[in-house]
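Coordinate analysis (summary)
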Amino acid sequence: MKPQLKCKDLRCPVYVEDTDFQGVVYHANYLKYFERARSEFLKEHEISQTKALQANESFIVKKLDLEFYYPALLDDTLIVSSTAILTSKARMHFLQSARNTKNDTLIIKGVVEVCYFDGIKAKPKAFPKNLLALFG
């Protein structure tokens, strides 16, 4: 079994800016909610994306696989849950989902594959040691 780590859940209120004219969340905004949850995971473990960028390194999304189940609406509150699975020293999968807090309805779930990227060499590289250490 690959090393995995349950991330802290992220609470995401749905604002009018997140929705279309009918009050339904735009599909692309779920990617933003998932990104926020992954960013909070890094912050929680004191892994700075700013420092990575200053070193010409970055976390990049390589692949997305999403499945939509039910629309979220204006004034809903979503809980984004994430589990990080280390698949190699330079690749990680995040199993992510969003549920509506009003009725525990599953809104969306997916797998987001993230790599660590060396901007100078233009190729993947190993994650920072402090990130890899989280997985034991």
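Residues numbered from 1 in each chain as written. Predicted model: local features only at pLDDT ≥ 70, side-chain atom pairs only at ≥ 80, totals over all residues. Heavy atoms only, no water.

Counting residues in hydrophobic clusters, the biggest one holds 31 residues, and the most contacted among them are L78 and L131. Residue assignment for this core shows that the elements contributing at least two residues are β2 (10-13), α1 (27-44), β4 (77-88), β5 (91-100), β6 (106-118) and α3 (129-133). No other element matches α1, which puts six residues into this core. (Core = buried A, V, L, I, M, F, W, Y, C linked by side-chain atoms within 4.5 Å. Buried < 20%, exposed > 50% of the residue type's maximum accessible area, 1.4 Å probe, protein only. Helix = DSSP H or I, 4+ residues; strand = E, 2+ residues; numbered from the N terminus.)

A contiguous nonpolar patch, built from L31, V61 and L64 and spanning about 220 Å² of accessible area, is present on the exposed surface. Considering the arrangement of structural elements, one finds L64 in strand β3 (residues 57-68). (Patch = residues over 30% accessible without salt bridge, like charges linked within 9 Å, V, L, I, M, F, W, Y side chains within 5 Å. Areas by Shrake-Rupley, 256 points an atom, 1.4 Å probe, with all protein chains shown as cover. Salt bridge = Lys/Arg side-chain N within 4 Å of Asp/Glu carboxyl O.)

This next bit is on the side chain of D76. For D76, the position within the fold is in the loop between β3 and β4. Of the residues examined, D76 reaches a relative accessible area of 5% and is grouped as buried. A polar atom in the side chain of D76 sits 3.0 Å from the side chain of N100. Those residues in contact with D76 that sit more than four places away from it in its chain are C12, P13, V14, N100 and K102. (Polar contact = N/O pair within 3.5 Å; in protein donor to acceptor, adjacent residues only side chain to side chain. Contact = heavy atoms within 4.5 Å.)

On to the environment of T101, then. Turning to its location among the elements, T101 is positioned in the loop between β5 and β6. Each C-alpha atom, one on T101 and one on L78, is 5.8 Å from the other, the two residues being 23 residues apart in sequence.

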